[in-house]
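Coordinate inspection notes
Chain by chain, the residues:
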Amino acid sequence: MAFMRLDRDDPRFDPSSMVVKVDGEELEWMSVSYGDSSEITLARAGGTPYVVGSGPGPYTPTGGSLMMHKNYASLYFQRLYDAAVARGADRVSAIPHTMTVGFAEWNIASIVDSIIYVRFTGMDPGSEEGGSNTLAMVDCPFTFHRVKWNGKIQF
């Protein structure tokens, strides 16, 4: 199972390399997480209990989430809603997007993961970090069809 959680304040990563884009537009974000898994299917000979081979089993995206400041998320999702209505949809989750997540550890080449067919499913209240709306955080869960790890690797 592959899984990634990236926080803006994680000291392992070069802050200038940490970028999240949805449909090519860079977002203001605090953390992002996503993952997937793939099973191996075993083949048995003629109903016997003996395994004689194996093959690819089902691929399962496990979903993800994007943590953002509440004021930015509200404005961003209003724009996504307006774009969805313009395309004939009645909600944000009806329209799929492509998300790219770029990061690099210090002095190591950048990695860019591509998350295909992202559909945002809501905004859940996150941790309150103060009394101001600007500091409130929301967790924006999403589903997707596939992750291309480092732009090409699929499990």
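Quick summary incoming for the structure in this document.

Conventions and cut-offs
As a convention, each chain's residues are numbered from 1 in the sequence order in which they are written. At least 70 in pLDDT is required for a residue's local features to be given in this predicted model, at least 80 for side-chain atom pairs to be given and counted, and no such filter applies to totals for whole chains, interfaces and linings, which use all residues. Excluding hydrogens and water, the side-chain values take into account all heavy atoms of the structure. Side-chain rings of Phe, Tyr and Trp, where Trp is taken by its six-membered ring, are said to pair if the distance between their centres is within 6.5 Å; with planes under 30 degrees apart they count as stacked, over 60 as edge-to-face, and otherwise as tilted. Think of it this way: any DSSP run of H or I at least four residues long counts as a helix, any run of E at least two long counts as a strand, and we number them from the N terminus. Only protein chains enter the calculation, and the probe is 1.4 Å; a residue is then buried if its accessible area is under 20% of its type maximum, exposed if over 50%, and partly exposed in between. What a helix should span is 1.5 Å times the count of its residues minus one. When we speak of the arc, we mean the arc of directions from the helix axis to the C-beta atoms. Throughout, a residue-residue contact means that at least one pair of heavy atoms, one from each residue, lies within 4.5 Å.

What follows concerns the packing of aromatic side chains. Within this structure, the stated rule accounts for 7 aromatic pairs. Their ring planes at 25° and their centres at 5.4 Å tell us that Tyr34 and Trp149 sit as a pair that is stacked. Remark: Trp149 occurs in the segment after strand E10 (146–148) and Tyr34 occurs in strand E4 (residues 31–44); sequence separation between them is 115 residues. Taken as a pair, Tyr34 and Trp149 share a single burial class, namely buried. With a centroid separation of 6.1 Å and an interplanar angle of 50°, the aromatic rings of Phe142 and Phe144 are classed as tilted. We classify Phe142 as buried; its relative accessible area is 2%. What makes Phe144 buried here is its relative accessible area of 5%. In textbook terms, an aromatic cluster arises when at least three aromatic residues are bridged by ring pairs, as seen for Tyr72, Tyr76, Phe77, Phe120, Phe142 and Phe144.

In this section: helix H1 (residues 70–86). Helical geometry note: an α-helix holds 3.6 residues per turn, so side chains three or four residues apart project in the same direction. Along its 17 residues, H1 runs 24 Å from first to last C-alpha, staying within 8% of the 24 Å computed at 1.5 Å per residue. What H1 keeps buried is the set Ala73, Tyr76, Phe77, Leu80 and Ala84. Taken around the axis of H1, the buried residues stretch over an arc of 95°, which confines them to a single face. Across from the buried face of H1, at angles greater than 90 degrees, the exposed residues are Leu75 and Ala86. At its buried positions, H1 is contacted by strand E2 (19–22), strand E3 (25–26), strand E5 (51–69), strand E6 (97–103), strand E7 (111–120) and strand E9 (137–143). With its phi angle positive at about 95°, Gly88 sits one or two positions after the end of H1.

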